[in-house]
Structures are given as C-alpha cells and as structure tokens.
Amino acid sequence: MFSLDEFARWTLVPIVFTVALNAAHAQSKQNSPLAEVQKTSSIGIEQQWEYIVVSYGKTLFASPQKTLAYRSIGLVSGQEAPDLENSLDILGRFGWEVITIVGSIGGDQQVVLKRKYNRNLVSNEYNAIIKGKDLYIKDLIDIMEREQRLREQAEKNAAIDRNKPRLINLDEVDALARKLENDAELKAAYQEAFAKTKMSKYSTIEIDTRYGVNIILNADVTKMYLQNGNSYRKSDVELFVEALLASFRFMHPAVARYNTVRINLNAIIMFEGNPIIVAKRSTSKYQGSSSDWVDQ
C-alpha cells in the first residue's frame, strides 16, 4: 500500500512532464520560420519596397540649367539632360529614388527607382493612373492622326509636283523608250536560250541593265543530284554548273550592244520544302568578244 505522500508524488510526475512538454512546444512555435514571417509582417507595410522601371529613350544633353546655380562657387557647368531631369524630378516628388541605370548614354536606358511601400499612397495614385492612361491613349491617337495628315499632305504635294508643267527633252524620252525596249528584248532572248536547256520551272532570270547586264540564274538540280532524300555529291553538282555556264556563252550576240554582262548561276536543291544553294559559279564581265569570257 502506498502512503498518501507517495501517491501524491507519483501523481504529480505526469502533470509536471505535460506542462514542460507544452512549454517546449510553444517555444518551438515561436522559433519556427512561419513565426518569423508573421512577426515580420506585423512590423508594418512601411518596411516594404516597391519598384518602377522606366525608359525615356536616349539621353539627350543640352545647355546647362540647374548646375548654373553652383557656377559661382567653382562648379564648371557641363551639359545637362533637362528632359530626363524633369521626369526624375516629378517621380522624386512622389518618393521614387533612382537606385541604378542600365544602358549606355548613346542608347536607350532603363532607370530603376524604388520607394517605401505605402498602401494609402498607392490607393490614392490608382485614380491618377487611370487618368494618365486616358491621356496616354489620347496622345497616341493624336500622334496617329498627325502622321496621317502628314502622309496625306505629302501625297498631295507629290501629285502636284507630278502634274507641274515641265519642259520635255524628247531625246531623253526616246532614249528611255529604247532602253525599255532593249531590256525587254534582252530578257526575251535569254529566256528563249535558257528554255533550250534542261532547266526546271524553278529557274529564274533577273536582268539589270543600269550598270551593264547582270543575270542571276537559279537552276533546280534536285531530281538530278539529290540521293536518298537527304544527300548529294558537291563535286558532281559543280561539274554540272561549270558545263551549264559554258553553254550560255553562245548567247553573247544578243547583248553585243551592252558594255558589260555577267551571269551568276546558282544550283539549288529543294530540301524539306526549302531551296538550298549547293553550288554557284559566275562569269567575268563580257567586253565584246567571246574570248573575254572567263569563269570564276
């Protein structure tokens, strides 16, 4: 049989242990990461920051303005960027502070500003943001309308200029007509000659007679040289291009009246729907005799 004192002693042990366990658990909760976050949040929103990143394009410098106030005490005034200064002054009055600028002076820059977060200030600025958005859209519309008016005026001026009476040089008119006729004949002659070769429908001819004759010929050699759907032998294509280019030399009488002519030949293989140039050759300029043809 236990005595009354022994019974009381053994009964208090679990009670003391339970109290100690609860105290340890409470201390653990106070030291937990969640408790730290809750403690930090309870400090107040004034300890938080908000940021704004703006760009005003290139920084343009002009005559000094603000720095003139310090010239009398020895500050040598340099050029200032008044537009950028004005924009930052406005943001500064509302608590925004520049913390860094990203970019070069000659190019666009990103100006990063921050201020302490204030819920009331942000709430009050919301209406100003809506108003500013309306002004921004109005400015865009004004710019578009002004550009449209400028385009219409430019078109009117061009039409007026075209319709102005001019003194006509008939020799120039005849020369232009002959040139256009000769160019058409030249292109027809080359197209007829190329049609006699084994050229595919992908071949094109470009003729430019402003500085002589420049011919660009694109020859599709897919059927001839594409193997297994994804391979070709470049050496074989180059031999074909050289032979094909040499066969065009007989056409030089058609362009004998021109000072220079050059043929650029590209061999093309169609691969997965895309034209790929796999070989190219060019002739040198033709100076009036078949002996002047030189492959490059």
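About the cut-offs
Residues numbered from 1 in each chain as written. Predicted model: local features only at pLDDT ≥ 70, side-chain atom pairs only at ≥ 80, totals over all residues. Heavy atoms only, no water. Salt bridge = Lys/Arg side-chain N within 4 Å of Asp/Glu carboxyl O. Helix = DSSP H or I, 4+ residues; strand = E, 2+ residues; numbered from the N terminus. Buried < 20%, exposed > 50% of the residue type's maximum accessible area, 1.4 Å probe, protein only. Pairing = 2+ DSSP bridges. Contact = heavy atoms within 4.5 Å. Phe/Tyr/Trp six-rings, centres within 6.5 Å; stacked < 30°, edge-to-face > 60°. Lys NZ or Arg CZ within 6 Å of the ring centre and 35° of its normal.

Caption draft 1: Summary view of the pattern of salt bridges. With the rule as written, the count across this model stands at seven salt bridges. Note that E125 is salt-bridged to R115, the shortest N-O span being 2.7 Å. Residue E125 is found in helix α4 (residues 119-162), and its partner R115 is found in strand β3 (residues 109-116); the two are separated by ten residues along the sequence. Like E125, the residue R115 is buried in the burial classification. Between D161 and R166 there is a salt bridge; the shortest N-O distance is 3.2 Å. Among the charged side chains, a network of salt bridges with common partners joins E50, R115 and E125.

Caption draft 2: Region of the structure containing the pairing of strand β2 (residues 97-103). Here six bridges tie β2 to β3, and the two strands are oriented antiparallel to one another. Paired with V102 across the two strands is Q110, which belongs to β3.

Caption draft 3: Quick look at the environment of G103. Locating G103 in the fold gives a position in strand β2. Counting along the chain gives 46 residues from G103 to G57, while the straight-line C-alpha distance between them is 10.0 Å. Those residues within four positions of G103 in sequence are excluded, and the remaining contacts are D108 and Q109.

Caption draft 4: The arrangement of the packing of aromatic side chains in detail. Within the structure shown, the criterion is met by one aromatic pair. Residues Y225 and F240 carry aromatic rings whose centres are separated by 5.9 Å and whose planes lie at 55 degrees to one another, so their mutual orientation is tilted. Of this pair, Y225 sits in helix α6 (residues 222-225) while F240 sits in helix α7 (residues 234-247), placing them 15 residues apart in sequence. By relative accessible area, F240 is classed as buried at 19%. It is K114 that lies over the ring of W49; its NZ or CZ is 3.9 Å from the centre.

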